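If you want the building blocks of each chain, they are given just below.
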Amino acid sequence: MDLSRVYDVLIVGGGNAALCAAITARRNGCSVLVLEGAPKEFRGGNSRHTRNLRCMHDGPADVLTDAYTEREYWEDLLKVTGGQTNEKLARMAIRDSAHCRKWMVQHGVRFQPSLGGTLHLSRTNAFFLGGGKALVNAYYRSAELLGVDIEYNSEVRELKIQDGKFTSAVFVRKGFTHEIRAKALIAAAGGFQSNVAWLKQAWGDAADNFIIRGTPYDKGTVLKMLMEQGVKTIGDPTQCHAVAIDARAPKFDGGIITRVDCVSLGIVVNRYAKRFYDEGEDFWPKRYAIWGRLVAGQPDQIGYSIIDSKSMGTFMPPVFPPIEAESLPELAKKLGLDAEQLVQTVTEYNDAVRPGTFDHTVLDNCATEGITPQKSHWARRLDKPPFYAYPLRPGITFTYLGVSVDEQARIYMQDDKPAKNMFAAGELMAGSILGKGYLAGFGMTIGTVFGRIAGKEASLYVNA
Amino acid sequence: MSTLKSIPHELVAEGERVMRICNACRYCEGFCAVFPAMERRLTFKEDDLNYLANLCHNCTECYYACQYAPPQEFELNFPKTLAEIRMATYQKYAWPGPLAGLFKNNGLATAVISALSLVIILAIMLTSATSKSLLSAYSDAEGAFYAVMSHHTMVLTFGTAAALLFVALAAGYARFWKDTSGKAEGSVSFTALAQAVGDVLRLRYLDGAEGGCAYPEEFQSNARRRFHHLTFYGFILCFAATAVGTVFHYLLGWEGPPPIPGVGKLNLVRSLPVILGSVGGIGLLIGPAGLLWLKSKRNTLLADQKQNGMDAGFLILLILTSLTGFLLTAFRETGAVSTLVVAHLGMVMGIFLTMPYGKFVHGIYRFGALVKNAVEQRTMPTLGSE
């Protein structure tokens, strides 16, 4: 890194979107500097924890089966977001997702068929061989070979912007402060989910009980600086990708292994040992992303997924062993719940279970009758000890509050005019497309598509 | 067979912890056979770990892809953990049991046994070649090296050593097979066996997913696979050379040293032992040297350093065997013949004696694990689904 030079493109952030932007800009002839806030071992932000991207395709295509059309993709997105999306940007992401795999392979990413236990995703999602960290490694390698300058442990503290034009960034590295100038800025530094203080502003004290599934380095400092400099934001600060994960997970960076996939097989109770939502509303892959918010809405932000021995071994094994007991009162005691209430809740539930043919692969006819909340599918009596429980907490993947961008990934200022030389990609702008809800693998699609757009547009600006 | 001593419980505990994490993640399942085999299980007892550890080829792709690798909080080091368990299984299955101690300081043990082997060969030569001078030269017509140590004595000496070696390796294999048979279903079919043999001959799982494995460093390379092929096939060819020579001697009555091609009248058939031995010998010079070179460059974070002596001991012994073999062939009609016979046969004896108690056993258990894997692929489903 040469601090005295003026780089063509400065990229703040070091995950998938940042690297897609860096590689694209470099291939277009720009000099590129990537400032990654994390140390090398933790580079890549949340991309390190990902495993696939959602791809549109009109017929079987390498690792993808069948077809996933633009129409179906768009309808899926419309459903989960309840219309809180930007159709133009969303369709750009969807359409380009059909083509970006080839580019990814050219830059070292390898794909594999969908993982064991995830067959339902084999049609819609292309899995990275080795997961997201392998992808991140491949992109860093490609970027280095192309001559992109990369600095780790480099946290940007100040962005110098005048009249919507970026001039330089101040960053700290190994205890010293440096200023670096660049002709264009691409911000791809993720959401603010690992900034608990900020989460508390949005959620109140409940946020103290949230677990951050991904990188501890996404503190939203870049987002905040951009906001302070008059950039237009989009989205609600409480909206995020949040799943219910094992309460025993580490505060940060627990990743995929902390998920608990047996919610639809049993019941979920809160700290008062009462059920609070239909556990069998729909297939788990379509519902897992609402349970983070559901648990967040419960007292003390805790829930307990309870199953009996009939279900053991029929779901992805969670990393932490279940809490096990031969009877419900014993289980309640181990969980610190009111034993009488738990027995009552389970008895009421068991009595409400109507006979049916259990089949976890379809929306079966095992439902409850006469209780609230109902369990619409896969309702089986909890009567075969041992009983097992997994404690649940809200696990935040990434926040949706972001900067507003257009089809060229240009950042918009509060006066609704695009900034001259500032672009954004990845989670930092995903809120433009994801107002709420989530589709598995869509974050990586947005990052890949808009990372490349930002890289291209920044180089067009520089070369103009 | 008596009950075997378990591997250290800390290794079992760490192996179980690692498998719990990996089985909840499964991102690496495309790399090799170990992760799909893991997914056929929900719990991991010592026998599961012993099997999975020997199925692992230590390609280390998974380490670089791992979001939980150190310094991350979970400090997951899959290749190293499995390497440590693998080493413990070598001791567990060693037969006879008391000799398992040889694995503790294996580099030293290999060196000492090889040195003793030189003495053994010298002693055998001194007691059997009573009337011959060990300082003289003998022409091929006079028997060359057979003049200082008769063919009969060599066959008797190495036949005995080979028999002991075979029994020890077979007993180890049987112990491995029995110990890890807990969850296996079904018997070994011909197709399963053929698959396992194919996996060995191609070194399928040193290919990574494709284009080689992450060895010695992060990015895919086929270097290790190629050097291993040279070593493996070199070893096989040298073994074949000996076998062919024995057939010539006993079945065809072609006694005496096989002719060196290019020296005297060309007879490719009768020179076959020399040709096979030379081609194999080249493999045994380049292959092990290459593997040692890669080892010196590998990422030390992933290596169980306690195994360096064992690995290097075996590789150096292979190189010395090949080197002395070439020297003996070249100088068999000179006065150095006795010295070179002691050197070469001493090294061969060293290999024979240390094979069941050194790096060589990895191939035995790896093969067993690949057979088990091939059987499981046909009989056991992946467990746990979203």
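Residues numbered from 1 in each chain as written. Chains lettered and ligands numbered in written order. Predicted model: local features only at pLDDT ≥ 70, side-chain atom pairs only at ≥ 80, totals over all residues.

## Things to note about the interface of chain B and chain A
Then comes step 1: Taken residue by residue, the interface counts 30 residues in chain B and 32 residues in chain A.
Then comes step 2: Mapped onto the side of chain B that touches chain A, the elements with two or more residues apiece are helix H1 (9-25) and helix H4 (61-65) of chain B.
Then comes step 3: Looking at which element gives the most residues to the side of chain B that touches chain A, the answer is H1 of chain B, with five residues.
Then comes step 4: Among the residues making up the side of chain B that touches chain A, the classes are represented as 15 nonpolar, seven polar and eight charged. (Contact = placed C-beta atoms within 7 Å. Helix = DSSP H or I, 4+ residues; strand = E, 2+ residues; numbered from the N terminus. Nonpolar A, V, L, I, M, F, W, Y, C, P; charged D, E, K, R; others polar.)

## Here's the deal with the sheet that holds strand E5 (residues 125-128) of chain A
Then comes step 1: Taken in spatial order, the three strands of this open sheet run E3-E5-E4 (chain A), and their pairing is antiparallel. Each end of this open sheet is capped by a strand with a single partner; those strands are strand E3 (52-54) and strand E4 (111-112) of chain A. (Pairing = 2+ DSSP bridges.)

## Focus: the pairing of strand E2 (residues 32-35) of chain A
All names here are of chain A.
Then comes step 1: Residue alternation in E2 divides its side chains into two sets, Val32 and Val34 and Leu33 and Leu35, and both sets are buried.
Then comes step 2: Across four bridges, the pairing between strand E1 (residues 6-12) and E2 is parallel. The residue bridging Val9 from the neighbouring strand is Val32, located in E2.
Then comes step 3: You can see the chain leave E1, run along helix H1 (residues 16-27) and come back into E2, and the turn it takes is right-handed. (Buried ≥ 20, exposed ≤ 12 C-beta atoms within 10 Å, placed from the backbone. Right-handed = clockwise from strand over helix to strand, strands pointing away.)

## A short note on the domain arrangement of chain A
Residue and element names in this part refer to chain A.
Then comes step 1: Segmentation of chain A into domains returns domain 1 (6-237 + 400-463) and domain 2 (242-395).
Then comes step 2: Taken residue by residue, the interface counts 17 residues in domain 1 and 18 residues in domain 2.
Then comes step 3: Its residues assigned to classes, the side of domain 1 that touches domain 2 comprises seven nonpolar, eight polar and two charged. (Domains from an automatic or database assignment.)

## Brief notes about the packing of H1 of chain A against helix H5 (residues 132-146) of chain A
To describe two helices that pack against each other, one gives the angle between their axes and the distance between the axes.
Residues and elements named next belong to chain A.
Then comes step 1: In the contact formed by H1 and H5, the axes pass within 10 Å of each other and the chain directions differ by 25°. In this view, H1 runs roughly parallel relative to H5, as classed from their interaxial angle. When you trace H1 past H5, the crossing you get is left-handed. On H5, the residues touching Asn16, Leu19, Ala22, Ile23, Arg26 and Arg27 of H1 are Leu135, Val136, Tyr139, Tyr140, Ser142, Ala143 and Leu146.
Then comes step 2: Residue composition of the contact of H1 with H5, grouped by class: nine nonpolar, two polar and two charged. (Axes fitted to C-alpha atoms, helices over the stretch in contact; angles between N-to-C directions. Parallel < 35°, antiparallel > 145°, perpendicular 65-115°, else oblique. Left-handed = near helix turned anticlockwise from the far one by under 90°.)

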